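# Observations on the three-dimensional arrangement
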Amino acid sequence: MRTPSITPVVKALMAINIIVFGVEYFGHKDMIVSVMGLHYFTSDKFLPFQFLTSLFVHADLHHLFNNMLGLFFLGPMLEMYWGDKRFLTFFLVTGMGSGLLYMGLKYYDYSMLESATRAYIEHPDLNQFSKFLYQYFPDGIPHNAYALIEGNPNNITVQNSVLVAQECLKSVLDTPLIGASGAVFGVMAGFALLFPNTELMLFLLPIPIKAKYFVALYGLYELYAGLNKMPGDNVAHFAHIGGMIFAFILIKIWGKNRNSFY
């Protein structure tokens, strides 16, 4: 596939993401993530505008690069097809929609964790605490909770295990969703729906593959990874799927109203 010249909205979106990352890189990451990242709606840090601003915050250079690469290669064709206003609408709606789905699924996960934490606080026991950590925190105690035992697991007592459990719960509550991945997955899905037979050449797979097959396989992988989350995997796979779902919905709606293009 020949990549079209970068289009105005794609260029602007990439510029915003790069500028925000630059501010993060030069020492303001904690502030940027705290204010702009999408926090769970019961967190003290949650603000409604974070559904939008979280799309422009990234964890590291690798995270930023992957998202901008997908936007750079696939975004221009959608923007030329729809026009700048419709493409921008598509990008923002799929991105915020992915956050909405993520929030709904987190409600389920967080509710289970909250119930388990309350049950442990009512009947604390170090053997049960080990099982609690193994089930809900297979990657280890979160940093803030670890500080309560001064970095030494041998310092855990029944009394401070309750404090650690409470801090673990709070750390999950205050961990935000960040990145443009949901919107970029929306762009990928939109591209596959509108240009299904366009052949893509991937870096790790030096043979052409049609867009519809590539996106379908990628979507199945995200579903599998989301359902079988491995220790150390901090990727919000269902947010990616959310972006694809909202892309499908938007394109179906717009397909019925072809005279209402911006």
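Shown above is the structure to which this text applies.
Cut-offs applied
- Residues numbered from 1 in each chain as written.
- Predicted model: local features only at pLDDT ≥ 70, side-chain atom pairs only at ≥ 80, totals over all residues.
- Heavy atoms only, no water.
- Helix = DSSP H or I, 4+ residues; strand = E, 2+ residues; numbered from the N terminus.
- Buried < 20%, exposed > 50% of the residue type's maximum accessible area, 1.4 Å probe, protein only.
- Contact = heavy atoms within 4.5 Å.
- Areas by Shrake-Rupley, 256 points an atom, 1.4 Å probe, with all protein chains shown as cover.
- Salt bridge = Lys/Arg side-chain N within 4 Å of Asp/Glu carboxyl O.
- Axes fitted to C-alpha atoms, helices over the stretch in contact; angles between N-to-C directions.
- Parallel < 35°, antiparallel > 145°, perpendicular 65-115°, else oblique.
- Left-handed = near helix turned anticlockwise from the far one by under 90°.
- Nonpolar A, V, L, I, M, F, W, Y, C, P; charged D, E, K, R; others polar.
- Expected span 1.5 Å × (residues − 1).
- Core = buried A, V, L, I, M, F, W, Y, C linked by side-chain atoms within 4.5 Å.
- Phe/Tyr/Trp six-rings, centres within 6.5 Å; stacked < 30°, edge-to-face > 60°.

Attention now goes to the overall build of the protein chain. Each helix and strand in the protein chain was counted, giving 10 helices and two strands. Mapped from its N terminus to its C terminus, the protein chain presents α and β elements in the order α-α-α-α-α-α-α-α-β-β-α-α. Looking at the protein chain as a whole, 44% of its 262 residues qualify as buried. Here the analysis covers contacts within the protein chain between residues at least 6 apart in sequence; of these, 70% occur between residues at least 24 apart. For the protein chain, the accessible area works out to roughly 14,700 Å², and carbon and sulfur atoms hold 64% of it.

Our next topic: the pattern of salt bridges. As enumerated under the stated definition, the model contains two salt bridges in all. Two residues, Arg 118 and Glu 114, come together in a salt bridge whose shortest N-O distance is 3.2 Å. Of this pair, Arg 118 and Glu 114 are both found in helix H4 (residues 84-122), four residues apart, which corresponds to roughly one turn of the helix. Salt-bridge contacts for Asp 174 lead to Lys 170; the nearest nitrogen and oxygen are separated by 2.6 Å. Residue class for Asp 174 comes out buried when judged on its relative accessible area of 16%.

Relative to each other, helix H3 (residues 61-82) and H4 sit at 130 degrees, their axes nearing to 7 Å. By the angle class used here, H3 and H4 are oblique. In the crossing of H3 with H4, the sense of the turn from one axis to the other is right-handed. Across from Leu 71, Gly 75, Leu 78, Glu 79 and Trp 82 in H3, the residues of H4 making contact are Asp 84, Arg 86, Phe 87, Phe 90 and Phe 91. The residue makeup of the contact of H3 with H4, split by class, is six nonpolar, one polar and three charged.

Along its 19 residues, helix H10 (residues 237-255) runs 27 Å from first to last C-alpha, staying within 8% of the 27 Å computed at 1.5 Å per residue. Residues of H10 that are buried: His 237, Ala 239, His 240, Ile 241, Gly 242, Gly 243, Met 244, Ala 247, Leu 250, Ile 251 and Trp 254. Against H3, H4, helix H8 (181-194) and helix H9 (211-227) lie the buried residues of H10.

To continue, consider the nonpolar core. Grouped together as the largest cluster of nonpolar side chains are 44 residues, with contacts concentrated most on Leu 71, Phe 87, Phe 90 and Phe 91. When residues of this core are traced back to their parent elements, those giving at least two are helix H1 (8-36), H3, H4, H8, H9 and H10. Top contributing element to this core by residue count: H1, with nine residues. Excluding residues that lie within four positions of it along the chain, Phe 91 makes contacts with Leu 13, Leu 71, Ala 180, Ala 183 and Val 187. Grouped together as the second largest cluster of nonpolar side chains are 24 residues, Tyr 102, Tyr 110, Val 164 and Leu 177 included.

All chains considered together, the criterion is met by 20 aromatic pairs. When the centroid spacing of 6.2 Å and the interplanar angle of 85 degrees are considered together, the rings of Phe 46 and Phe 51 count as edge-to-face. A centroid spacing of 6.3 Å and a plane angle of 65 degrees characterise the contact between Tyr 81 and Trp 82, whose relative ring orientation is edge-to-face. Overall, the relative accessible area of 40% leaves Tyr 81 in the partly exposed class.

What follows covers the environment of Leu 200. Structurally, the position occupied by Leu 200 is in strand E1 (residues 199-200). For Leu 200, a relative accessible area of 8% puts it in the buried group. Taking C-alpha positions, Leu 200 is 8.2 Å from Phe 214, a pair spaced 14 residues apart along the chain.

Geometry only, nothing functional implied.
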